[in-house]
Amino acid sequence: MLSKEYALALFDFSRDLNKLDLIFDEFKVFADSIKENDGFINIMSHPKINVGEKKELIKDILKSFDVDFKYFIYVLIDNGRFEIINIVYDEFVSLINKDNNIMVVKVFTKEKINSSKQDELKQKLESIHKKKIKLEPIVDNTVIGGIRLEFNGKILDDTFKRKLEDLKSKLV
């Protein structure tokens, strides 16, 4: 996957320069701002806007950012790959999490769970998986009750809906 290759190149380069934290922070700010402005990727990927104009726009937007991060963005522009920037960012975050032994767990519940329940869940998962856990709580109206966890491509579904479906399949 091309996005993974770009993310790995940025990760290795940033680590070699001892700029991993800086590049991560700047990439996060940039990626978050892009996600808030849907049309920006369309502008940066438009074939009628030449590479020089795109680089000038990035130069103006990222004027206070690290020069190496800007050059990485220029490489994406030069190669006509700016449209994958959000995927590259997600892959970059995954590499950082893996390097720091962090596992991201999405927690789906009907209502927002309080911080003490989050801490309790985090401690249980850390003791089971021997990794630092980063919880991403998500309020999901399709959850009737209970909890669903998603991590590392796995789903642990302990929701009432799942239990009812299991019961229904046993009765039929």
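Use the structure listed above.
Residues numbered from 1 in each chain as written. Predicted model: local features only at pLDDT ≥ 70, side-chain atom pairs only at ≥ 80, totals over all residues. Heavy atoms only, no water.

What about unusual backbone geometry?
- In this structure, Asn-101 takes a positive phi of about 60 degrees despite not being glycine.
- As for its placement among the helices and strands, Asn-101 is situated in the loop between helix H6 (85–99) and strand S1 (102–109).
- The backbone phi angle of Lys-130 is positive, close to 55 degrees, even though this residue is not glycine.
- Here Lys-130 is to be found in the loop between helix H7 (115–129) and strand S2 (132–139). (Helix = DSSP H or I, 4+ residues; strand = E, 2+ residues; numbered from the N terminus.)

Some thoughts on the nonpolar core
- Counting residues in each nonpolar core, the largest one holds 30 residues, and the members touching the most others are Phe-27, Phe-30, Ile-58, Ile-73, Phe-82, Ile-85 and Phe-92.
- Among the elements of the structure, helix H1 (2–16), helix H2 (20–36), helix H3 (38–45), helix H5 (67–78) and H6 are those that each provide at least two residues to this core.
- Filtering out sequence-adjacent residues up to four positions away, Phe-30 remains in contact with Phe-40, Ile-58, Ile-61, Leu-62, Phe-65, Phe-69, Ile-73, Phe-82 and Ile-85.
- Grouped together as the second largest cluster of nonpolar side chains are 10 residues, Ile-113, Ile-133, Leu-135 and Leu-149 included. (Core = buried A, V, L, I, M, F, W, Y, C linked by side-chain atoms within 4.5 Å. Buried < 20%, exposed > 50% of the residue type's maximum accessible area, 1.4 Å probe, protein only. Contact = heavy atoms within 4.5 Å.)

A closer look at the sheet that holds strand S3 (residues 146–151)
- In space, the 4 strands of this open sheet follow the order S2-S1-S3-S4, with mixed pairing throughout. Two strands bound the open sheet, and with one partner strand each, they are S2 and strand S4 (154–159). Direction aside, the axes of adjacent strands within the sheet are offset by 20 degrees on average.
- Here S1 pairs with S2 via 8 bridges, running parallel. Each bridged residue has a counterpart across the sheet, and for Val-107 the counterpart in S2 is Pro-137.
- Contacting S1, S2 and S3, H7 crosses the sheet at an angle of about 135 degrees to S2.
- Sheet contacts for helix H8 (residues 160–171): S3 and S4; angle to S4, the most-contacted strand, approximately 85 degrees. (Pairing = 2+ DSSP bridges. Axes fitted to C-alpha atoms, helices over the stretch in contact; angles between N-to-C directions.)

Quick look at the side chain of Glu-91
- For Glu-91, the location among the structural elements is in helix H6.
- In this structure, Glu-91 is buried with no salt-bridge partner, the nearest side chain bearing the opposite charge being Lys-4 at 4.2 Å.
- Discounting residues that sit within four places of it in the chain, Glu-91 has contacts with Met-1, Ser-3, Lys-4 and Ala-7. (Lys, Arg positive; Asp, Glu negative; His and termini not counted. Salt bridge = Lys/Arg side-chain N within 4 Å of Asp/Glu carboxyl O.)

What is shown is where atoms sit, not what they do.
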